[in-house]
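Each chain, written out:
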There are 2 protein chains.
Amino acid sequence: MSVKIKDVAELAGVSVATVSRVLSNGSVSAALKTRVEEAVAQLGYRPNLSARRLRSQLSQTVGLIVSDVRNPFFTAVSRAVEDAAYRAGMRVILCNADEDPDKEAMYLRLMQEERVSGVIFSPTSVTAGRFRPERFEFPVVMIDREGPPGLTDAVVLDNPQAGRLLVEHLIARGYRKIGGLFGNVSTTGAARRAGYEAALAQHGLPSSVRFVAPSTEAASTAVRAWLAEPDWPDALVVSNGLLLLGAVHALTEAGLSIPGDMALAGFDNDVWTGLVGHGLTVIEQPVYDIGVVAMEMLLSRLENPSLAKRKVVLNGALLERASTSGRGAAAPS
Amino acid sequence: MSVKIKDVAELAGVSVATVSRVLSNGSVSAALKTRVEEAVAQLGYRPNLSARRLRSQLSQTVGLIVSDVRNPFFTAVSRAVEDAAYRAGMRVILCNADEDPDKEAMYLRLMQEERVSGVIFSPTSVTAGRFRPERFEFPVVMIDREGPPGLTDAVVLDNPQAGRLLVEHLIARGYRKIGGLFGNVSTTGAARRAGYEAALAQHGLPSSVRFVAPSTEAASTAVRAWLAEPDWPDALVVSNGLLLLGAVHALTEAGLSIPGDMALAGFDNDVWTGLVGHGLTVIEQPVYDIGVVAMEMLLSRLENPSLAKRKVVLNGALLERASTSGRGAAAPS
DNA sequence: ATGTTGTTTGGTAACGTTTACATTCGTTTA
DNA sequence: TAAACGAATGTAAACGTTACCAAACAACAT
């Protein structure tokens, strides 16, 4: 079929071992080296990575398991992981688990079959809760969401702090009845809620939260229901970009103005958040950095497996925009 | 290291061939089959895909080369390709070539090394123009953009028709000075422009086009420059979602209203297009279908390599929204 | 000269599968 | 009853690499 190392060896008049050494920068004389390289060029030889992987027991491949690449957060992370991986001479296998624990388990098995070097994983809370890293032969770095504390590396946003930041901002702008809409499937929603609650409690304000499935539709349904109730919040904190979009849909459908009828603040600086009205106030996550850092952590763990597990916590930036422009002067507390 | 077929064979008291046959549904008696399956379960055996690929000469892997997954069009296509691939028991290797012919060549080489079964590719016009399918050992399906006619399979939008559709729509709404903004790097921009020109010519109206690099920034710069000139168009047709966003940025920065000061129509029904003002008129592409069809074409080509090359042309749907609501009654032509 | 070292090179056994071929055994057919 | 067949199983040779080991050879110190 295609040209193999043996063909190159014959044309160059050397042994296959020598060709292999030329290809992997082993010690070989300059004369032979050029002869081999010419033969490679002439035949258009390309190494067979399956054979290489089998023999060397190095897959040079990492798995990336997210819920859905169509979520802009994961899109950006994926791109970052891929850039970093290719830079390190590695391949990425992308898996969309759709927030489904069964699919997550299935993909983890697949990663085992691929004998990947490692996995970068954003698990549902179900999987996160019962995750046993020792059952896998590869290291795992959690992203966005945490696994069991201390058992795997992780890179996450400072979610409680970010939740607090949004609430403090809303309070400073004069809002007092601040609702919260959170995803019910990941640890991220819970962590953001904790920050939200803490900030409200500190100011002696009541909280009012709803949990929904992680989809735009679920969020708009929930907000629609909320609006049908006698008294809704002045302002809403929404736990991620998908849900935020659902909230916007529900509000605009109902003919309500943002922030006139209800202020809105959320997570993820997706392109569209700048285009709603005069912009939505959001916490911008360092999406690309999250991917790059995750890949770096994985590589360093591969180099040094005995390292203590690390958790990298990154900070989000508050982008203040028109959706929280305030209701007159802030009332004195 | 990890458990291999030999271990399973020993535990079950059969030969490795029998184990292999159980795993690949070969003919083996029910008694042995269950004994093997028990051994597999007990040992937690997982096949080594590198070894399997090497021996069987089947990589069960396809390459997907796009410019950037962060472009929502390619995000959706990627997700579709991955779904279809996993359904067919195949893996996907995703490559971001950033509209760079050198990177494209590099990734095509990599695909060769991976011995992929096939590649789904959205090439720049440079690579498309000089692409020689016979130089690769795998079939290639072009998506979104066409390669040399008749040399590879392809699935594309009916771009000229879509361009025409937008122009006809604008004319019907009373616009007469209709400008066009197109990407300068793919065949897609050229094809959409052709439809745009044809429709204008048919109505005896003048055309006015600009070509820009495929980025939001390039588009907004171009539109800004355009606005600085003495007379700009009533309406703008914009060749894809990235550029459309740039146009929106330029117009809102300049404090112009859409469609009051300038109407806007474009391609790609990205989430944000519904949120600008009361919505942007766009051609919605069947993004998911494009990915699924591309994968299906690839699979059928793998089954039957001698099939004549096919080009599947899909239609876009015009979503009429407020950005082209018209300037009073249409003037009689 | 001779032994000692070090650096290139070649031969070949793995790596974990699949698969062509040989073997065995039970069943049918003349 | 023997010959002929077919199904189930085992044996061993690939697949294309890498890496271990030994051989060859040059350079150097004795």
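Use the structure listed above.
Predicted, not measured: the structure shown is a model, and the values here were computed from it. (Residues numbered from 1 in each chain as written. Chains lettered and ligands numbered in written order. Predicted model: local features only at pLDDT ≥ 70, side-chain atom pairs only at ≥ 80, totals over all residues. Heavy atoms only, no water.)

K.L.:
Can you help me understand the nonpolar core in this one?
P.N.:
It is characteristic of soluble globular proteins that their nonpolar side chains tend to be buried jointly. Core analysis: the biggest nonpolar cluster contains 49 residues, and A:Val238, A:Leu264, A:Trp272, B:Val238, B:Leu264 and B:Trp272 have the highest contact counts within it. Contributions of two or more residues to this core are made by helix 10 (216-228), strand 8 (235-238) and helix 11 (241-253) of chain A together with helix 10 (216-228), strand 8 (235-238) and helix 11 (241-253) of chain B. Setting aside residues up to four positions removed in sequence, A:Trp272 forms contacts with A:Gly241, A:Leu244, A:Leu245, A:Val248, A:Leu280, B:Val271, B:Trp272 and B:Leu275. In this structure, A:Leu64, A:Ala85, B:Val141 and B:Val293 belong to the second largest nonpolar core, which totals 48 residues. (Core = buried A, V, L, I, M, F, W, Y, C linked by side-chain atoms within 4.5 Å. Buried < 20%, exposed > 50% of the residue type's maximum accessible area, 1.4 Å probe, protein only. Helix = DSSP H or I, 4+ residues; strand = E, 2+ residues; numbered from the N terminus. Contact = heavy atoms within 4.5 Å.)

K.L.:
Looking at this structure, I do not really get the protein's contact with DNA strand D. What am I missing?
P.N.:
Lining the immediate environment of DNA strand D, one finds 24 residues, of which A:Ser20, A:Arg55, B:Thr18, B:Ser29 and B:Arg55 sit closest. Sugar plus phosphate: this is where 63% of the atoms of DNA strand D within 4 Å of the protein reside. For DNA strand D, a phosphate oxygen lies 2.8 Å from a polar atom in the side chain of A:Lys4. Contributions of two or more residues to the surface near DNA strand D are made by helix 2 (16-23) and helix 4 (49-56) of chain A together with helix 2 (16-23) and helix 4 (49-56) of chain B. (Near = heavy atom within 4 Å. Polar contact = N/O pair within 3.5 Å; in protein donor to acceptor, adjacent residues only side chain to side chain.)

K.L.:
What is the right way to read the packing of helix 2 of chain A against helix 3 (residues 30-43) of chain A from this model?
P.N.:
Two numbers describe a pair of packed helices, the interaxial angle and the distance between the axes. Residue and element names in this part refer to chain A. Contact geometry for helix 2 and helix 3: axes closest at 10 Å, N-to-C directions at 90 degrees. When the axes of helix 2 and helix 3 are compared, the pair comes out roughly perpendicular. Taken together, the residues of helix 3 that come into contact with helix 2 (itself represented by Thr-18, Val-19, Val-22 and Leu-23) are Leu-32, Lys-33, Val-36, Glu-37 and Val-40. In terms of residue class, the contact of helix 2 with helix 3 is built from six nonpolar, one polar and two charged. (Axes fitted to C-alpha atoms, helices over the stretch in contact; angles between N-to-C directions. Parallel < 35°, antiparallel > 145°, perpendicular 65-115°, else oblique. Nonpolar A, V, L, I, M, F, W, Y, C, P; charged D, E, K, R; others polar.)

K.L.:
What am I meant to see in the pairing of strand 4 (residues 140-143) of chain B here?
P.N.:
Remember that side chains alternate between the two faces of the sheet whenever the strand is regular. Residue and element names in this part refer to chain B. Every second residue of strand 4 is oriented toward a common face, with Val-140 and Met-142 on one face and Val-141 and Ile-143 on the other, all of them buried. In the sheet, strand 3 (residues 118-121) pairs with strand 4 via three bridges, with the strands oriented parallel. Looking at strand 4, one finds that Ile-120 is bridged to Val-141. In this fold, the crossover linking strand 3 to strand 4 by way of helix 7 (residues 125-130) has right-handed handedness. As judged from the three bridges shared by strand 4 and strand 5 (residues 153-157), these two strands associate in the parallel manner. The residue of strand 5 that forms the bridge with Ile-143 is Val-155. (Pairing = 2+ DSSP bridges. Right-handed = clockwise from strand over helix to strand, strands pointing away.)

K.L.:
Could you clarify how one ought to interpret the sheet that holds strand 10 (residues 281-284) of chain A in this entry?
P.N.:
Picture the strands of a sheet paired through backbone hydrogen bonds; they go either parallel or antiparallel. Residue and element names in this part refer to chain A. With mixed pairing, six strands are arranged side by side in an open sheet as 7-6-8-9-10-12. A single partner strand is all that each edge strand has here, and the edge strands are strand 7 (208-212) and strand 12 (317-319). Across the sheet, the axes of successive neighbouring strands diverge by a mean angle of 15 degrees, strand direction being ignored. When strand 8 meets strand 9 (residues 263-267), the two strands line up parallel, connected through four bridges. Bridge pairing in strand 9 links Val-238 to Gly-266.

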